[in-house]
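# Structural overview for review
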Amino acid sequence: MNFSVRAQAALVLFLFSFSLLPASALAARVQAIAYAVNPATVSASANHSILFQAKTEISSGTIKLYLSNLISDTGSVGVTDIDFSYGAAPASADQNQLALAASAGNAIWGVAVDASTKILTLTYPTVAASASIPASQYVKISIGTHTYTGSAGASRFANAASAGSKNISLTV
C-alpha cells in the first residue's frame, strides 16, 4: 500500500503538514499521523521520526520509507541508528520495541538503508508470530542519535539541501 505525505518547508526550518492522498485501499490500512525532524535546518545532520497508525495487522512484507526528497545524504546510518516500535496510542508508540538486524530472521525485522535511492526498508521476519504489529496500533520509526534500542544511535541523515515543498512516501 502506498501513501504520500506532503511536507512544507520554510527557508531554514522544515514545518511538516500531512495529508493522506486519496486511495481507498490505503486509507483502510494506514493513517498518517506525524513526522518530525530535529534540528529542522536545511542541510543539517538531523534525527527523523515518523508515526502512523496501522489500521490492519502488519504481518508480512516490507515497510518502505522513500526519503529522497527529504534528505540529502544517508550518512552512515545503519541498524543501530534505527528504532522500530508500536503502541496503543501515539504517546505509547515506544512501548513494544521490535528487534532489528541487517537482515530478517526469526522474530527479527531486517533493516536496509539504500544510500543511492534514500529508501529505508524494514523487512518482516522470516518466522514471526511475535513480531506482527496488531491492527489499530501506532507505529513509530526513529532514525538518528535519539534511538536507544540495543545501543544508542550514533549517526543521522542530512536534511535536504534546499527549502521548499517536500514529499515523503511510505509503503506498507
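Residues numbered from 1 in each chain as written. Predicted model: local features only at pLDDT ≥ 70, side-chain atom pairs only at ≥ 80, totals over all residues. Heavy atoms only, no water.

## Points about the pairing of strand E3 (residues 30-38)
Taken together, the eight bridges between E3 and strand E4 (residues 45-54) define a ladder with antiparallel strand orientation. Directly across from Val 30, in E4, lies its bridge partner Ala 54. (Pairing = 2+ DSSP bridges. Helix = DSSP H or I, 4+ residues; strand = E, 2+ residues; numbered from the N terminus.)

## Concerning unusual backbone geometry
In most cases, non-glycine residues show a negative phi, while peptide bonds are predominantly trans. A cis geometry characterises the amide bond from Asn 38 onward to Pro 39, with omega recorded as 0 degrees. Looking at the element boundaries, Pro 39 is found in the loop between E3 and E4. Non-glycine residue Ser 43 carries a positive phi angle of around 70 degrees. Counting through the fold element by element, Ser 43 comes out in the loop between E3 and E4. We note that Ser 136 has phi near 70 degrees; this positive angle belongs to a residue other than glycine. For Ser 136, the location among the structural elements is in the loop between strand E11 (119-123) and strand E12 (137-143). For Ser 136, a relative accessible area of 41% puts it in the partly exposed group. (Buried < 20%, exposed > 50% of the residue type's maximum accessible area, 1.4 Å probe, protein only.)

## Considerations on the packing of aromatic side chains
Here the structure, examined in full by the defined rule, presents two aromatic pairs. Ring centres 4.9 Å apart and planes at 80 degrees place the aromatic pair Phe 84 and Trp 109 in the edge-to-face group. Of this pair, Phe 84 sits in strand E7 (residues 82-87) while Trp 109 sits in strand E10 (residues 109-114); the two residues are 25 residues apart in sequence, bridging distant segments of the chain. Both rings, one in Trp 109 and one in Tyr 124, keep their centres 5.1 Å apart while their planes meet at 85 degrees; by these two values the pair is edge-to-face. Separated by 15 residues along the polypeptide, Trp 109 in strand E10 and Tyr 124 in the loop between E11 and E12 bring together distant segments of the chain. When sorted by exposure, Trp 109 lands in the same class as Tyr 124, which is buried. Members of the aromatic cluster, each reached through a chain of ring pairs, are Phe 84, Trp 109 and Tyr 124. (Phe/Tyr/Trp six-rings, centres within 6.5 Å; stacked < 30°, edge-to-face > 60°.)

## Describing the environment of Ser 165
Mapping Ser 165 onto the fold places it in the loop between strand E13 (157-159) and strand E14 (166-171). Given the relative accessible area of 44%, Ser 165 is considered partly exposed. In this structure the C-alpha to C-alpha distance between Ser 165 and Asn 69, which are 96 residues apart in sequence, comes to 8.9 Å.

## Brief notes about the pattern of salt bridges
This model, assessed by the stated rule, comprises one salt bridge. We note a salt bridge from Asp 94 to Lys 140, for which the minimum N-O separation is 3.3 Å. Of the two residues, Asp 94 is situated in the loop between E7 and strand E8 (96-97) and Lys 140 in strand E12; the sequence distance between them amounts to 46 residues. When its relative accessible area of 23% is taken as the criterion, Lys 140 is described as partly exposed. (Salt bridge = Lys/Arg side-chain N within 4 Å of Asp/Glu carboxyl O.)

## Let's talk about the confidence of the model for the chain
Confidence in the prediction for the chain averages 83 pLDDT; 83% of positions are at 70 or higher. By mean pLDDT, strand E2 (residues 14-16) is the weakest element of the chain at 34, and E11 is the strongest at 97. Across residues 1-24, confidence stays below pLDDT 50; counting only partners more than four residues off in sequence or on other chains, it has 75 contacts. (pLDDT = per-residue confidence, 0-100. Contact = heavy atoms within 4.5 Å.)

## So, the nonpolar core
Grouped burial of nonpolar side chains is what soluble globular proteins tend to show. Grouped together as the largest cluster of nonpolar side chains are 34 residues, with contacts concentrated most on Ile 63, Leu 65, Phe 84, Trp 109, Leu 122 and Ile 141. Where this core is concerned, the elements lending two or more residues are E3, E4, strand E5 (62-66), E7, E10, E11, E12 and E14. The element that contributes the greatest number of residues to this core is E4, accounting for four residues. If near-sequence neighbours (up to four positions away) are discounted, Leu 65 is found in contact with Ile 50, Lys 118, Ile 119, Leu 120, Ile 141, Ile 143, Ile 168, Ser 169 and Leu 170. (Core = buried A, V, L, I, M, F, W, Y, C linked by side-chain atoms within 4.5 Å.)

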